[in-house]
Amino acid sequence: MTETVAEIRDAYRSGAATPADIVARSYARIRAHGDPAIFISLREENDVVAEAQKLAQRGDKALPLYGIPVTVKDNIDVAGLPTTAACPAFLYRPQKDATAVARLRAAGALILGKTNLDQFATGLVGTRTPYGIGRNLFDDKLIPGGSSTGSALSVGAGIAPLALGTDTAGSGRVPAAFANIVGLKPSLGLVSTAGVVPACRTLDCVSVFALTVDDAVTMLKVVAGPDDADPFSRNRPLHDVGPPPQRIKLGVPLAAQRLFFGDKLSAAAYDAALKRWAELSATLVDIDMEPFYATAKLLYEGPWVAERYLTVKDLLAASPDAIHPVTRQIIAAGETVTAADAFAAFYQLQQFRRARDRSFAVIDALVLPTAPTIYTVEDVLADPVALNSRLGTYTNFANLLDLCGLAVPASMRSDGIPFGVTLLAPGGEDAMLASLGRQFHHSNGLPLGARKQ
């Protein structure tokens with residue numbers, strides 16, 4: 001049984017529950033769910049209960065996240081817990097919280113533990129980790145999605161209503177779709193990455209998982225804001241979320257450019273989602289997606305993989321076998337990237353950004369499938385690179401093009417697997433996307449996460 005932030009707040013106001021009660025529920029759900037691959041490190045229940053009791057004694061009920069349990073992806077520092085980035089040989093013990101975590105604590109949030117991920121946040125599948133493969137909430141045979149696997153699963157399973165992830169190539173959106181939850185990828189620089197193990201430092205985002213758009217925005221407001229500790233932090237405004245704009249224009253791929261890799265159920269689900277957008281009075285505008293797809297290829301086939309190499313080069317040189325073999329194969333390619341390669345890619349990217357501008361001159365946002373399909377764990381283990389690449393079809397280009405994104409559940413396919421769509425808009429339009437996503441999510445009447453109706 002999932003509980004939203006709004007529902008927990010109501011319980012506090014009515015006296016039906018205390019923060020210690022909510023923490024106890026979280027740990028009871030961890031035990032009942034029985035998936036040891038969600039967490040890499042989990043705080044002792046008694047310690048979190050004691051923290052909840054102290055919070056209640058202080059009486060700071062006006063705090064925006066008062067008594068709200070939160071989980072944190074294990075590439076984000078939490079003081080008192082090791083950071084591993086899903087690589088035991090990389091483990092270190094941070095002396096202080098990442099900026100985003102410190103802001104959560106100051107807002108009254110209670111950190112439960114650190115969640116599993118595709119190692120070094122390199123992957124969209126959730127299988128590249130020595131800490132076990134998390135179970136998909138709807139079909140054990142399917143991948144859970146990554147790289148923020150455990151964070152998404154913890155929210156979808158009702159363990160916590162909120163979680164922090166990261167999103168460089170889609171890691172905050174793909175696992176959200178597979179868990180039937182909301183995944184919010186903020187504008188670049190809106191949330192500090194100080195205290196986050198870099199993937200691609202110039203593109204990394206701290207992301208938010210929640211059961212509803214309103215809950216996601218509540219968390220975003222807490223963690224957003226400039227930070228002197230992060231040179232890539234930006235002073236980008238975060239407006240209040242109002243009603244959706246009138247006469248909204250949403251871009252969709254030309255029919256011939258819609259990629260589902262033979263998945264007819266996802267194709268049908270996307271068509272149904274577009275029909276619902278039209279019923280909500282959106283005007284759908286065909287957009288040439290080729291520049292976006294070409295941009296996506298730059299992320300792993302271009303020089304940005306060298307940023308991933310910088311993070312692990314010492315470990316790669318000293319103990320290459322300590323790195324997951326698929327992750328090692330991908331990151332090692334960054335060693336041979338040249339400055340000439342980088343500048344050539346920068347020139348290409350600038351052309352693609354011009355194409356982005358032309359597209360958004362005629363639309364307010366793109367509405368795309370979050371993922372074109374979903375694969376079994378067995379299939380991904382047999383073909384780990386190509387299938388992972390397909391999952392990034394509609395996500396890999398977002399940060400290179402400075403787009404903000406919001407992944408929302410759209411429907412349950414006829415096979416019982418959730419399907420989601422993602423809204424994308426130019427950086428700074430986070431509130432506008434939230435207004436659209438909230439309206440769409442409310443309209444589809446889906447259960448929240450894995451909660452049964």
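Shown above is the structure to which this text applies.
Because the structure is a prediction, the values reported are computed rather than measured.

### A few points about the sheet that holds strand 9 (residues 365-369)
Sheet strands associate in pairs through backbone hydrogen bonding, adopting either a parallel or an antiparallel arrangement. Read across the sheet, 11 strands follow the order 1-3-2-4-6-5-10-11-9-7-8 without closing on themselves; strand pairing throughout is mixed. Because the sheet does not close on itself, it has two edges, and the strands there are strand 1 (39-42) and strand 8 (283-287). Averaged over all adjacent pairs, the angle separating strand axes in this sheet is 25°, with direction ignored. Pairing of strand 2 (residues 69-73) with strand 4 (residues 162-166) involves three bridges; the strand directions are parallel. Residue pairing for strand 4: threonine 71 is matched across the bridge by alanine 163. Together, strand 2, strand 3 (110-115), strand 4 and strand 6 (206-210) form the strand contacts of helix 4 (residues 99-106), whose direction differs from that of strand 4 by roughly 170°.

### A closer look at the pairing of strand 11 (residues 418-426)
In terms of burial, strand 11 is a largely internal element, eight of the nine residues being buried. Where strand 9 and strand 11 come together, four bridges link them in antiparallel fashion. Directly across from valine 367, in strand 11, lies its bridge partner leucine 423. Between strand 10 (residues 403-412) and strand 11, which follow one another and run antiparallel, lie five residues, and glycine 416 among them has a positive phi close to 85°.

### Regarding helix 11 (residues 325-332)
Because each turn of an α-helix spans 3.6 residues, side chains separated by three or four positions end up pointing in the same direction. Taken together, the buried positions of helix 11 are Val326, Thr327, Ile330 and Ile331. On an axial view of helix 11, the arc spanned by its buried residues comes to 120°, and they lie on one face. The inward-facing, buried residues of helix 11 abut helix 9 (290-301), helix 10 (305-318) and helix 14 (384-391).

### Here we look at the environment of arginine 438
Along the chain, the position of arginine 438 falls in helix 15 (residues 430-444). Through-space distance from the C-alpha of arginine 438 to that of alanine 50 is 35 Å; in sequence the pair is 388 residues apart. Among the polar contacts made by the side chain of arginine 438, one reaches the main-chain carbonyl oxygen of glycine 242 at a distance of 3.1 Å.

### Re the side chain of glutamate 3
Assignment of secondary structure puts glutamate 3 in the segment before helix 1 (5-14). Residue glutamate 3 is classed as buried on the basis of its relative accessible area of 14%. A polar atom in the side chain of glutamate 3 sits 2.5 Å from the side chain of arginine 25. Within the structure, glutamate 3 has its side chain in polar contact with the side chain of arginine 29 (distance 3.0 Å). Apart from residues no more than four positions distant in its own chain, glutamate 3 is found in contact with Ile8, Ile22, Arg25, Arg29, Pro161 and Leu211.

### Focus: the state of the cysteines
Considering all chains together, one arrives at zero disulfides under this definition. Lacking any disulfide linkage, cysteine 200 is separated from the closest cysteine sulfur, that of cysteine 205, by 11 Å. Classification of cysteine 200 by relative accessible area gives buried; the value is 0%. We note that cysteine 205 lacks a disulfide partner, and the nearest cysteine sulfur, in cysteine 404, lies 9.6 Å from it. Judged by relative accessible area, which is 4%, cysteine 205 ranks as buried.

### Section: the packing of helix 2 (residues 19-33) against helix 3 (residues 45-58)
Contact geometry of helix 2 with helix 3 gives a least axis separation of 8 Å together with a crossing angle of 160°. When the interaxial angle is binned, helix 2 and helix 3 end up roughly antiparallel. When you trace helix 2 past helix 3, the crossing you get is right-handed. Residue-level inspection shows Pro19, Ala20, Val23, Ala24, Tyr27 and Arg31 of helix 2 in contact with helix 3, the latter providing Glu45, Val48, Val49, Ala52, Gln53 and Ala56. Class assignment of the residues belonging to the contact of helix 2 with helix 3 gives a composition of nine nonpolar, one polar and two charged.

### Observations concerning empty space enclosed by the protein
Enumeration over the complete set of coordinates arrives at four cavities of 30 Å³ or more. Along the walls of the largest cavity sit Ala177, Phe178, Ser266, Ala371, Thr373, Ile374, Arg413, Ile417, Pro418, Phe419 and Gly420, which together make up its complete lining. The set of elements that each furnish at least two residues to the lining of the largest cavity consists of helix 6 (174-179) and strand 11. At three residues, the largest contribution of residues to the lining of the largest cavity is made by strand 11. Split into classes, the residues belonging to the lining of the largest cavity amount to seven nonpolar, three polar and one charged. Lining the second largest cavity are Leu184, Val217, Leu220, Lys221, Leu238, His239, Val241, Asp430, Ala431 and Ala434. Listed by contribution, the elements that provide at least two residues to the lining of the second largest cavity are helix 7 (213-223) and helix 15. The residue inventory of the lining of the second largest cavity, partitioned by class, reads seven nonpolar, one polar and two charged.

Cut-offs and rules
- Residues numbered from 1 in each chain as written.
- Predicted model: local features only at pLDDT ≥ 70, side-chain atom pairs only at ≥ 80, totals over all residues.
- Heavy atoms only, no water.
- Pairing = 2+ DSSP bridges.
- Helix = DSSP H or I, 4+ residues; strand = E, 2+ residues; numbered from the N terminus.
- Axes fitted to C-alpha atoms, helices over the stretch in contact; angles between N-to-C directions.
- Contact = heavy atoms within 4.5 Å.
- Buried < 20%, exposed > 50% of the residue type's maximum accessible area, 1.4 Å probe, protein only.
- Arc of directions from axis to C-beta.
- Polar contact = N/O pair within 3.5 Å; in protein donor to acceptor, adjacent residues only side chain to side chain.
- Disulfide = S-S within 2.5 Å.
- Parallel < 35°, antiparallel > 145°, perpendicular 65-115°, else oblique.
- Left-handed = near helix turned anticlockwise from the far one by under 90°.
- Nonpolar A, V, L, I, M, F, W, Y, C, P; charged D, E, K, R; others polar.
- 1 Å grid on protein atoms, 1.4 Å probe; cavity = no way out; pocket = protein on both sides within 12 Å on 5 of 7 lines; lining within 4 Å.
- Points joined across faces, edges and corners; volume = space filled by probe spheres on them.

Take it as geometry only, folks, not as evidence of what the structure does.
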